[in-house]
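Structure at a glance
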Amino acid sequence: MAVEFAELEQFLEAYRERMSPAERRKASRKLGQEIRKLNAQRIARNVEPDGSPMQPRKPRMAEGGRRIRAQRMFRKLRLAKSFKVMASEDGVSVGFIGNVGQTARAHHYGLTDFVGRTQDGTSVRARYPRRRLLGFGPGDLELINEAAMELLDP
């Protein structure tokens with residue numbers, strides 16, 4: 001991935017030197033918002049960054065043995081209040097915060113996480129399949145380059 005960004009990085013470095021710290025922070029925030037939007041759209045479609053579909057959620061069963069209708073995965077992860085852009089004059093990072101961040105980490109890396117409690121108070125944990133949430137897809141680099149060029153053109 002670093003090789004693909006090398007050309008853009010060299011070009012932007014010269015331009016960045018002429019910008020004030022406030023302008024750099026603003027540009028970083030705009031690029032971060034574009035990256036967040038691309039990843040949120042991909043998460044909504046349940047597609048991993050490489051283009052492959054995410055492993056579907058396991059079917060849930062009610063007490064009577066009938067299936068509960070499956071809902072979309074990661075509905076709250078896509079919201080801006082939990083999917084944050086942290087921008088500075090030196091760069092930008094995009095990620096999840098709070099309890100939502102813990103859930104996202106469990107899915108992204110395929111970890112075991114707390115699910116809930118049974119009626120007798122026993123803790124229930126589950127191992128989640130690996131579902132990559134964040135990353136750059138095949139067409140993302142071009143869209144990020146376009147967004148960077150729009151920032152340069154006043």
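Let us look at the structure shown here. Just so we're clear, the structure is a prediction, and the values are computed from it rather than from any experiment.

Another aspect to go through is the pattern of salt bridges. Summed over all chains, the structure comprises three salt bridges. Between E89 and R25 there is a salt bridge whose closest N-O contact spans 3.6 Å. Within this pair, whereas E89 is found in the loop between β3 (83–87) and β4 (92–96), its partner R25 is found in helix α2 (residues 21–44), the two being separated by 64 residues in sequence. The partly exposed category is assigned to E89, whose relative accessible area is 28%. R25 gets classed as partly exposed once you look at its relative accessible area, which sits at 32%. Across the pair K37 and E34 runs a salt bridge, and its minimum N-O distance is 3.9 Å.

A word on the nonpolar core. Counting ten residues, the largest nonpolar core is built from A40, I43, M54, M73, F74, L77, F83, F96, A104 and L133. Not counting residues up to four positions away in its chain, the partners in contact with M54 are N46, V47, E48, M73, F74, R131, R132 and L133. Grouped together as the second largest cluster of nonpolar side chains are six residues, I35, I144, A147 and A148 included.

Moving on to the environment of K30. In this structure, K30 sits in helix α2. The sequence separation of K30 and R131 amounts to 101 residues, and the corresponding C-alpha distance is 27 Å.

With that settled, consider unusual backbone geometry. We note that N46 has phi near 55°; this positive angle belongs to a residue other than glycine. Assignment of secondary structure puts N46 in the loop between α2 and β1 (60–61). The residue F74 is not glycine, and still its phi comes out positive at about 60°. Take F74: it is sitting in the loop between β2 (67–68) and β3.

What follows concerns the pairing of strand β6 (residues 123–127). With five bridges joining them, strand β5 (residues 112–117) and β6 adopt antiparallel strand pairing. Looking at β6, one finds that R117 is bridged to S123. Taken together, β5 and the strand that follows it, β6, pair antiparallel across an intervening segment of five residues, in which G121 is found at a positive phi of about 95°.

Before going further, it helps to spend a moment on α2. In a regular helix each residue adds 1.5 Å, so 24 residues correspond to 34 Å; α2 covers 34 Å between its end C-alpha atoms and thus fits that length. Three or more residues of α2 are buried, namely R24, A27, S28, L31, G32, I35, R36, L38, N39, A40, R42 and I43. One or two residues past the end of α2 sits N46, with phi positive at roughly 55°.

So, on to a positive patch on the surface. A cluster of basic residues, R57, R60, R75, K76 and K81, forms a positive patch at the surface. Along the chain, R75 turns up in the loop between β2 and β3. R75 sits in the partly exposed class, given a relative accessible area of 46%.

Analysis parameters
Residues numbered from 1 in each chain as written. Predicted model: local features only at pLDDT ≥ 70, side-chain atom pairs only at ≥ 80, totals over all residues. Heavy atoms only, no water. Salt bridge = Lys/Arg side-chain N within 4 Å of Asp/Glu carboxyl O. Helix = DSSP H or I, 4+ residues; strand = E, 2+ residues; numbered from the N terminus. Buried < 20%, exposed > 50% of the residue type's maximum accessible area, 1.4 Å probe, protein only. Core = buried A, V, L, I, M, F, W, Y, C linked by side-chain atoms within 4.5 Å. Contact = heavy atoms within 4.5 Å. Pairing = 2+ DSSP bridges. Expected span 1.5 Å × (residues − 1). Patch = residues over 30% accessible without salt bridge, like charges linked within 9 Å, V, L, I, M, F, W, Y side chains within 5 Å. Areas by Shrake-Rupley, 256 points an atom, 1.4 Å probe, with all protein chains shown as cover. Lys, Arg positive; Asp, Glu negative; His and termini not counted. Charge placed at Lys NZ, Arg CZ, Asp CG, Glu CD.

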